[in-house]
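Chains, contacts and geometry: an overview
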Amino acid sequence: MSVLTLASVPEDATALQSAEAHHARLAGELAGRVTLLLTAVDRDPGAAERIHAGLVDFCDRSLLPHAAAEEAALYPVAHARPEARLLIESLIGEHRCLTALVDALRTAPDPAGAAADARALQVLFEEHVAKENGLVLPLLAMTPEVSLAALLSDMHRRFAHDTNGVSPEKDRDTQQGRAVEEERTEETGGCGGVCGCGGAEEPAEPELDVRDVPHALRHATVFGALDAVPAGTAMVLVAPHDPLPLLAQIEQRSPGVFGVEYLERGPEAWRLRLSHC
């Protein structure tokens with residue numbers, strides 16, 4: 001069924017597609033960061049600490065403000081419809097679970113202790129946005145007296161306000177995470193040890209295997225993982241084919257930032273080392 005048939009007006013059809021794309025970017029970035037954390041925990045504790053701090057920062061600045069904006073702008077309108085009332089109440093409950101998992105990540109004593117909560121957060125968020133994409137957004141788009149485009153515009157304004165007003169506690173946590181990253185960089189001679197300029201033992205680099213990631217989330221997952229790679233370090237990407245279009249997008253998104261080295265060229269997998277210059 002065409003997405004255009006799910007909306008009462010073309011503007012809402014476009015808004016529906018935009019909201020689904022935004023959900024895909026959020027879910028993909030979260031998946032990339034979580035996967036990188038899980039692989040780094042056993043391979044490089046120093047990198048895992050940086051990735052852990054970056055994951056918490058992403059949740060505080062993107063994931064949680066997005067959920068709050070949904071509750072303020074979208075959920076009240078959907079909740080007013082009898083057929084969606086119980087669904088919205090369950091989604092609000094899931095927001096509370098997401099917040100609790102982020103709090104657990106924030107207070108975890110180390111990345112290894114946070115790994116299970118990080119994976120649970122990823123699974124819950126992916127299931128959560130699937131319900132929104134498949135049930136809530138189409139319902140609002142199909143309701144003639146509701147403007148989904150206007151609701152999403154209001155939601156984006158609320159999101160921008162929330163992200164510009166990060167609480168002092170969260171900002172302090174973010175600064176502490178960045179301080180850990182800077183300290184690790186200084187200790188290894190400025191590059192985390194991966195280029196050898198500091199004489200440190202080269203750590204095993206985190207690996208992101210996207211072969212089983214749904215195609216709609218794959219590029220966003222890689223972008224999220226790359227955002228978690230500090231300057232002077234690298235990650236290994238495993239893809240089901242030569243990811244030339246993805247590499248072009250990475251270069252367009254961050255010109256000159258990532259170097260590419262092929263480690264394996266098929267036929268089962270393509271392995272690439274992406275170095276943050």
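Treat the numbers as computed from the prediction; the structure is a model and nothing was measured. (Residues numbered from 1 in each chain as written. Predicted model: local features only at pLDDT ≥ 70, side-chain atom pairs only at ≥ 80, totals over all residues. Heavy atoms only, no water.)

Points about the nonpolar core
In this structure, Leu121, Val222, Met235 and Ile250 are the most contacted members of the largest nonpolar core, which totals 48 residues. Put simply, the parts of the chain that give this core at least two residues each are helix H1 (10-43), helix H2 (45-73), helix H4 (85-107), helix H5 (111-142), helix H8 (215-227), strand E2 (234-239), helix H9 (244-253) and strand E4 (270-276). (Core = buried A, V, L, I, M, F, W, Y, C linked by side-chain atoms within 4.5 Å. Buried < 20%, exposed > 50% of the residue type's maximum accessible area, 1.4 Å probe, protein only. Helix = DSSP H or I, 4+ residues; strand = E, 2+ residues; numbered from the N terminus.)

Regarding the sheet that holds E2
Taken in spatial order, the four strands of this open sheet run E1-E2-E4-E3, and their pairing is mixed. The sheet terminates laterally at strand E1 (207-209) and strand E3 (258-265), the two strands that pair on one side only. Within the sheet, the average angular offset between the axes of one strand and its neighbour, ignoring direction, is 20°. With seven bridges joining them, E3 and E4 adopt antiparallel strand pairing. When the sheet's bridge partners are listed, Glu261 is paired in E4 with Arg273. Contacts between H9 and the sheet are confined to E2, E3 and E4, with E3 contributing the most and set at about 165° to the helix. (Pairing = 2+ DSSP bridges. Axes fitted to C-alpha atoms, helices over the stretch in contact; angles between N-to-C directions. Contact = heavy atoms within 4.5 Å.)

Concerning the pattern of salt bridges
One pass over the structure, following the stated rule, counts 14 salt bridges. For the salt bridge of Arg33 with Glu29, the shortest nitrogen-to-oxygen distance reads 3.3 Å. Taken together, the positions of Arg33 and Glu29, both in helix H1 and four residues apart, correspond to about one turn of that helix. As far as burial versus exposure is concerned, Arg33 and Glu29 are alike and both buried. Notably, a salt bridge pairs Arg81 with Glu145, separated by 3.3 Å at the nearest N-O pair. Of this pair, Arg81 sits in the loop between helix H3 (75-79) and H4 while Glu145 sits in the loop between H5 and helix H6 (148-163), and the two are 64 residues apart along the sequence. Classification of Arg81 by relative accessible area gives partly exposed; the value is 24%. Taken together, the shared-partner salt bridges in this structure form one network comprising Asp60, Asp103 and Arg106. (Salt bridge = Lys/Arg side-chain N within 4 Å of Asp/Glu carboxyl O.)

Points about the side chain of Thr221
As for its placement among the helices and strands, Thr221 is situated in helix H8. What Thr221 contacts, discounting residues up to four positions off in sequence, is Gly28, Glu29, Ala31, Gly32, Leu208 and Val213.

Describing the packing of aromatic side chains
Applying the stated criterion to the full structure yields zero aromatic pairs. Above the face of the Tyr262 ring, Arg265 is positioned so that its terminal group lies 3.7 Å from the ring centre. (Phe/Tyr/Trp six-rings, centres within 6.5 Å; stacked < 30°, edge-to-face > 60°. Lys NZ or Arg CZ within 6 Å of the ring centre and 35° of its normal.)

Observations concerning the packing of H4 against H5
Relative orientation of the contacting elements H4 and H5 amounts to 155°, with a least axis distance of 9 Å. Here H5 runs roughly antiparallel to H4, going by the angle between their axes. You can see that H4 and H5 cross each other, and the crossing is left-handed. Only Ala114, Asp117, Ala118, Ala120, Leu121, Leu124, Phe125, His128, Lys131, Glu132, Leu135 and Val136 of H5 make contact with H4, whose side of the interface consists of Leu87, Ile88, Leu91, Glu94, His95, Cys97, Leu98, Leu101, Val102, Ala104 and Leu105. Taken together, the residues that form the contact of H4 with H5 break down as 17 nonpolar, two polar and four charged. (Parallel < 35°, antiparallel > 145°, perpendicular 65-115°, else oblique. Left-handed = near helix turned anticlockwise from the far one by under 90°. Nonpolar A, V, L, I, M, F, W, Y, C, P; charged D, E, K, R; others polar.)

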